[in-house]
Amino acid sequence: MANERLAGQRALVTGASSGIGREIAKILAGHGADLVLVARREERLRELADELRAAHGIEVRVEAADLSRPEAPAALFAATEGAGVAIDILINNAGLGVYEDFAWVEWERWAPVIQVNVTAVTELCHRFVPRMVTRGRGRVMNVGSISAFLPTPNFAVYGSTKAYLLTFSEALDYELRRTGVRVIGVHPGGTWTEFMDHANQKMKPMARMAMMSAERCAAIAVKKMLRGRRTVVTGFWNALGMWLLRFVPRALYPRLAGISMGMAVEKASVAAPPAASG
Ligand SMILES: NC(=O)c1ccc[n+]([C@@H]2O[C@H](COP(=O)([O-])OP(=O)(O)OC[C@H]3O[C@@H](n4cnc5c(N)ncnc54)[C@H](OP(=O)(O)O)[C@@H]3O)[C@@H](O)[C@H]2O)c1
């Protein structure tokens, strides 16, 4: 066993069925942490659980949950802390985006973005953090995005949910500073996962070359969490870009974001406006 740094602790990882969350789960398992894996695709979670049990001799539970359903966070809490299964590390990684015209896409597609990226994350923190405070130790990681820093046309809802996580994580970390519980906001740039397919984003060749692997993104996220950082943008160039934004007038942000998005991604689909009635 390579590293037992988190032996005896248990991490709950949302969005562990693919991408960054799956890689975070693997790294935490390598550190000896027991795991609770959460996502909708249960079969994938079960395969990962078998793999990690065999490789690291840890305890791994699978909790299939659809975090777009308002009752999901309470059910997850009941199935873990409520059943005597303490959670020392909460990784709020599950998330989704929709890259399209705000006005013409039906509300049913926007609502889950807010429910999963904001409401579920906030409720999971609200349910699990008090137990961590009582025990005098705990870690929370909220996975945001560099979209949190730039108001991005066609990505307005997604970026705003991530801006919420940026502010929420920083404020909560400070609020908890004397409790032994730390909160980190991790903000990835373009990363190779299934995210783009779900978000309706087709990356252009130049942008593909600049993307990070999910393994690397997860490694940075866990390393910075264990070091006690509050806010992290993954990758040197992403971090530099976000830092340089402070020298750009805020009025230019949407335009800048639109130009850089246009360079990276095929245009978002433009649906026809519905016919006016009445
Ligand atoms: N990839 C990027 O370029 C990038 C950049 C910045 C930020 N991020 C953020 O990184 C995080 C992870 O995304 P990823 O890139 O790894 O994408 P991904 O491969 O699509 O993974 C998303 C994960 O979230 C889970 N998820 C989505 N909707 C869910 C729901 N309703 N209920 C429960 N779980 C749900 C998915 O599991 P199921 O489908 O099995 O439910 C999956 O495990 C997200 O918060 C995303 O916003 C990604």
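Placed above this text is the structure.
Keep in mind the model is a prediction, meaning the values are calculated, not measured. (Residues numbered from 1 in each chain as written. Predicted model: local features only at pLDDT ≥ 70, side-chain atom pairs only at ≥ 80, totals over all residues.)

Draft legend 1. Broad picture of the packing of helix α1 (residues 19-30) against helix α2 (residues 42-56). Relative orientation of the contacting elements α1 and α2 amounts to 20°, with a least axis distance of 10 Å. As the angle between them shows, α1 and α2 are arranged roughly parallel. The two elements α1 and α2 cross, and the hand of that crossing is right-handed. Residues R22, A25, K26, A29 and G30 of α1 form the contact with α2, whose participating residues are L48, L52, A55 and H56. Taken together, the residues of the contact of α1 with α2 sort by class into five nonpolar, two polar and two charged. (Axes fitted to C-alpha atoms, helices over the stretch in contact; angles between N-to-C directions. Helix = DSSP H or I, 4+ residues; strand = E, 2+ residues; numbered from the N terminus. Parallel < 35°, antiparallel > 145°, perpendicular 65-115°, else oblique. Left-handed = near helix turned anticlockwise from the far one by under 90°. Contact = placed C-beta atoms within 7 Å. Nonpolar A, V, L, I, M, F, W, Y, C, P; charged D, E, K, R; others polar.)

Draft legend 2. The nonpolar core, seen in detail. Grouped together as the largest cluster of nonpolar side chains are 71 residues, with contacts concentrated most on V13, A25, L35 and L37. No other element matches helix α4 (residues 107-135), which puts eight residues into this core. Setting aside anything within four residues of it in sequence, one finds V13 in contact with G21, I24, A25, L35, L37, V38, I91 and N93. (Core = buried A, V, L, I, M, F, W, Y, C linked by C-beta atoms within 7 Å. Buried ≥ 20, exposed ≤ 12 C-beta atoms within 10 Å, placed from the backbone.)

Draft legend 3. Molecular detail of the pairing of strand β6 (residues 181-187). Of all seven residues in β6, seven are buried, a share of seventy percent or more. Alternating residues of β6 divide into V181, V183, G185 and H187 and R182, I184 and V186, and every residue in both groups is buried. Relative to β6, strand β5 (residues 138-143) runs parallel, the two sharing six bridges. If you follow V140 over to β6, its bridge partner there is V183. Crossover connection from β5 via helix α5 (residues 156-175) to parallel β6: handedness right-handed. Inspection of the sheet shows β6 paired to strand β9 (residues 231-233) by three bridges, in the parallel sense. Bridged to V186 within β9 is V232. (Pairing = 2+ DSSP bridges. Right-handed = clockwise from strand over helix to strand, strands pointing away.)

Draft legend 4. Structural view of the sheet that holds β6. Spatially, the seven strands line up as an open sheet ordered β3-β2-β1-β4-β5-β6-β9, and their pairing is parallel. The two strands at the open ends of the sheet, each matched to only one other strand, are β3 (60-64) and β9. In this sheet, neighbouring strand axes are inclined to one another by 15° on average, regardless of whether the strands run parallel or antiparallel. Sheet topology note: the strand β2 (residues 34-39)/β3 ladder contains five bridges and is parallel. Bridge pairing links V38 to E63 in β3. Strands β2 and β3 of the sheet are contacted by α2, whose axis makes an angle of about 175° with β3. Together, β4 (89-92), β5 and β6 form the strand contacts of α4, whose direction differs from that of β5 by roughly 165°.

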